[in-house]
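# Close look at the chain arrangement
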Amino acid sequence: MNTPKILIVVSAIFSMFSAAANSETLTLNVEIPQLNVAEYHSPYVAVWLESKSRKSTQIALWYDVKMADNEGQEWLKDIRQWWRRGGRSLDLPYDGLTSATKGPGSHQITINLNKAELKDLDAGDYKLRIEAAREVGGRELIEIPLTLPLDKSALPISKSGKSELGKISLSLQTNN
């Protein structure tokens, strides 16, 4: 018996919506502390996932994107670990990754686990790395160990910085 084509199309559309509705995302909250200093500049921040073999998958990059002649890019090398782990090879601004620096407060990054570069990662141990560097300030790197596929019982995870970064938390959201 032949199934009518319209039923096949409706079934395919329903399957796509069901998959999207049941998708999972990671929510990374990054706190930038209010510092009592004479000259304050918002930090440049990079977030990436790094494998044991040090292969990097870029997640987010906050820097001064509005400087004339892209001068903000000149200071990205101050985010030293990120720069060495793949930052220098990016063509910037990188769509979907780059945004302006953030001031003091809590900022959220949504990481879509169905995004091709994340979905295709091999199973194994990784580090989610968050690095901040501030002009006339310090530098700080926080690492959150992760195992892929994700062990949902290991989430949420929280860490705290000591200077340039405050509380960092990673949680899993299921979009039903």
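Read on for a plain summary of the structure.

## Comments concerning the sheet that holds strand E4 (residues 98–99)
Reading across the sheet, the 5 strands line up as E4-E3-E2-E6-E7 and stay open at both edges, with mixed pairing between neighbours. What marks the edges here is a single partner per strand, and that holds for E4 and strand E7 (139–148). The pairing of strand E3 (residues 56–62) with E4 spans 2 bridges and is classified as parallel. By the bridge assignment for E4, Trp-62 is matched with Ser-99.

## Brief notes about the nonpolar core
Ranked by internal contacts, the top residues of the largest apolar core, which has 27 residues, are Leu-28, Val-47, Ile-109, Leu-128 and Ile-130. Going through the elements one at a time, strand E1 (23–32), strand E2 (44–51), E3, strand E5 (105–112), strand E6 (124–133), E7 and strand E9 (167–175) are the ones with two or more residues in this core. If you look at the next biggest cluster of nonpolar residues, it comprises 12 residues, including Trp-48, Tyr-63, Ile-79 and Leu-90.

## A word on a positive patch on the surface
A surface patch of like charges, here positive, comprises Arg-80, Arg-84, Arg-88 and Arg-139. Note on placement: Arg-80 falls in helix H2 (residues 80–84). Overall, the relative accessible area of 40% leaves Arg-80 in the partly exposed class.

Cut-offs used in this document
- Residues numbered from 1 in each chain as written.
- Predicted model: local features only at pLDDT ≥ 70, side-chain atom pairs only at ≥ 80, totals over all residues.
- Heavy atoms only, no water.
- Pairing = 2+ DSSP bridges.
- Helix = DSSP H or I, 4+ residues; strand = E, 2+ residues; numbered from the N terminus.
- Core = buried A, V, L, I, M, F, W, Y, C linked by side-chain atoms within 4.5 Å.
- Buried < 20%, exposed > 50% of the residue type's maximum accessible area, 1.4 Å probe, protein only.
- Patch = residues over 30% accessible without salt bridge, like charges linked within 9 Å, V, L, I, M, F, W, Y side chains within 5 Å.
- Areas by Shrake-Rupley, 256 points an atom, 1.4 Å probe, with all protein chains shown as cover.
- Salt bridge = Lys/Arg side-chain N within 4 Å of Asp/Glu carboxyl O.
- Lys, Arg positive; Asp, Glu negative; His and termini not counted.
- Charge placed at Lys NZ, Arg CZ, Asp CG, Glu CD.

From the geometry alone we can't say anything about function, so treat these as descriptive.
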